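# Coordinates in review
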Amino acid sequence: MTKNLDVRRVGGRIGAEVVGVDLTEPSDDVFPEINAALLEHKVLFFRGQQLDDRSQQRFLSRFGPLTTAHPTVHSAEGEANVLEVSGEEGVRSNNWHTDVTFVVSPPKITSLRSLVVPPYGGDTVIANSQTAYRDLPEPLRHLADQLWAVHTNDYDYIQPQFNTDAADEYRKEFTSKTWETAHPVVRVHPETGERGLFIGGFAQRLIGLSGTDSRDILRLLQTYVTRPENTVRWRWAPGDLVVFDNRATQHYAPDDYGDLPRTLHRVTVAGDVPVGVDGRSSYRISGDDASHYTPVAEPALAVTG
C-alpha cells in the first residue's frame, strides 16, 4: 500500500506505471514505497525522467551495490557500470532471458533507460516468472521443484536474421570468457519467499537428463512463462526508465523496427546467489569467478563427477 506514490497497474499480472515522481532526487520516504511496488508488480515504468548515466546509477544504487556493465561486453564510454544496448541489426537480443544467469549471482534488479527510440516497434516485453510457476499443474510444479539447469553464455543468445560482421564480432566478445552455472529451475525469492521459474535462454540443459529430454522440458516450462497473460509490453518514449526484478522476470526485445536506431542504457544491481525449494544454493561448474562483475561473493567452485 503506497501513501506517497501514484502507482497505476499496466498489466493484469505484471507491471505498473509510477506517475509524478522525480527520480533525480527521490525522497527518503518515497524510495521504500518504490521498492515495495517493485516487489509487488515485478516491473515499474517511469515516463519522461530527466536522467543521465550518473543519475541513473545513483537511483539504482539505492537498491544495493551495482554490478559492472557486463561480465564480458564492454561498457558505455567512461561509465564502468553502464551497458549500452544498441539496436544495431544483427546483434539484437530477441530472445527470452533473465539477465546474466550464467554467473552464480545474477543481478537483483535491471534498469533500462531510453535514449533513442524508433517511431514504431522496438518495444520491450517482460514476463512474470512467478505467476508462470503458479500456473503449472501440480505434477509439473512437483517436477520443476526438483530440477536444476545449467546456464551458459556460450550459445546463440543473439539471433541474427542474417550473418553479419557485427554479429560475429559481438559473439566473439560475448563469449570471450565462458561460464557454466547450475541454478535451481524453481527459485525462492529472497525477499518475498515466492517461488518462480528461473530459466530463460541461458538455461541450456537439465542436470541428470539427456539433451533431448532437457530441451523438451525446458520448452514446456518456458511456454508458461511467455503466455500473454503473464506478460506486459512497454512502448518506449525518450527519457523513460524501466526497472524490473531480475529474480522474478524474463524479458524480450522484439526485432521489429528494421534498420532504425534504438539505444538504451542498462544499469544493474548486484544480486544474491539463488536458492531452490530444498535450500540448496546455485554453484559454478566451470569458468572463472565473476568478482570483476559483481561484488557478491559466490560459493567455492563445485566439483562434479
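This section reports on the structure supplied with the text. Note that this is a predicted model, so its numbers are computed, not measured.

When helices and strands are counted, the protein chain shows six helices and 16 strands. Against the 2.2 N^0.38 benchmark of 19 Å for 305 residues, the protein chain shows a C-alpha radius of gyration of 18 Å, consistent with a compact globule. The principal-axis extents of the C-alpha atoms in the protein chain amount to approximately 55 × 50 × 35 Å. Across the 305 residues in the protein chain, those meeting the buried criterion constitute 54%.

Let us look at unusual backbone geometry. Phi angles above zero are rare outside glycine, and Lys42 is one such case at about 75 degrees. Secondary-structure assignment places Lys42 in the loop between helix H1 (31-41) and strand S3 (43-46). One non-glycine residue, Val100, lies in positive phi territory at about 55 degrees. Inspection of the secondary structure assignment puts Val100 in the loop between strand S4 (83-86) and strand S5 (109-116). On the accessibility criterion, Val100 (3% relative accessible area) is buried.

Right, let's get into the side chain of Ser111. The residue Ser111 is located in strand S5 in this model. Residue classification places Ser111 among the buried positions, given a relative accessible area of 0%. Only 3.0 Å separates the side chain of Ser111 from the side chain of Gln56, close enough to count as a polar contact.

A separate point is helix H6 (residues 211-225). Between its first and last C-alpha, H6 extends 21 Å over 15 residues, near the 21 Å set by a 1.5 Å rise per residue. The complete set of buried residues in H6 reads Ser214, Ile217, Leu218, Leu221, Gln222, Tyr224 and Val225. All buried residues of H6 fall inside an arc of 145 degrees around its axis, so they share one side.

All right, on to the nonpolar core then. One recurring pattern in soluble globular proteins is that nonpolar side chains are buried together. By size, the foremost hydrophobic cluster in this structure holds 24 residues, and its most contacted members are Leu23, Ile34, Leu44, Phe46, Phe59, Leu60 and Phe63. Taken together, the elements giving at least two residues each to this core come down to strand S2 (16-19), H1, S3, helix H2 (53-60), strand S13 (241-245) and strand S15 (263-269). Of the residues forming this core, the biggest block, four residues, is contributed by H1. In this view, Leu44 contacts Ala16, Val18, Ile34, Ala37, Leu38, Leu241, Val242 and Val243; residues no more than four positions away in its chain are not counted. Ranked by size, the runner-up nonpolar core spans 21 residues in total, among them Val185, Ala203, Leu206 and Leu221.

As enumerated under the stated definition, the model contains 21 salt bridges in all. Where Asp28 meets Arg62, a salt bridge forms, and the shortest distance between an N and an O atom there is 3.4 Å. Highlighted residues: Asp28 in the loop between S2 and H1 and Arg62 in the loop between H2 and S4, separated in sequence by 34 residues. Among the residues examined, Asp28 registers a relative accessible area of 63% and is labelled exposed.

Let us now look at the environment of Phe45. Along the chain, Phe45 falls in strand S3. Sequence separation of Phe45 and Val18 is 27 residues, and the distance between their C-alpha atoms is 6.1 Å. Leaving out residues up to four positions away in the same chain, Phe45 has contacts with Val10, Gly15, Ala16, Glu17, Val18, Ile126, Val232, Trp234, Leu241 and Val242.

Here the focus is the pairing of strand S6 (residues 124-128). Counting buried residues along S6, five of its five residues qualify, which places the element largely inside the surrounding structure. Of the two faces of S6, the one lined by Thr124, Ile126 and Asn128 and the one lined by Val125 and Ala127 are each fully buried. Sheet topology places S6 next to strand S12 (residues 231-234); four bridges connect them, and they run antiparallel. Bridging from a neighbouring strand, Ile126 pairs with Val232 of S12. Where S6 and strand S14 (residues 249-252) come together, four bridges link them in antiparallel fashion.

Turning our eyes to something else, we now look at the sheet that holds S4. Taken together, the seven strands give an open sheet; going across it, the order is S1-S2-S3-S13-S5-S15-S4, and neighbouring strands pair in mixed fashion. Two strands bound the open sheet, and with one partner strand each, they are strand S1 (6-9) and S4. Going from strand to strand, the sheet's axes swing by 25 degrees on average, the running direction of each strand aside. Here S3 pairs with S13 via four bridges, running antiparallel.

What counts and what doesn't
Residues numbered from 1 in each chain as written. Predicted model: local features only at pLDDT ≥ 70, side-chain atom pairs only at ≥ 80, totals over all residues. Heavy atoms only, no water. Helix = DSSP H or I, 4+ residues; strand = E, 2+ residues; numbered from the N terminus. Rg over C-alpha atoms; globule rule 2.2 N^0.38 Å. Buried < 20%, exposed > 50% of the residue type's maximum accessible area, 1.4 Å probe, protein only. Polar contact = N/O pair within 3.5 Å; in protein donor to acceptor, adjacent residues only side chain to side chain. Expected span 1.5 Å × (residues − 1). Arc of directions from axis to C-beta. Core = buried A, V, L, I, M, F, W, Y, C linked by side-chain atoms within 4.5 Å. Contact = heavy atoms within 4.5 Å. Salt bridge = Lys/Arg side-chain N within 4 Å of Asp/Glu carboxyl O. Pairing = 2+ DSSP bridges. Axes fitted to C-alpha atoms, helices over the stretch in contact; angles between N-to-C directions.

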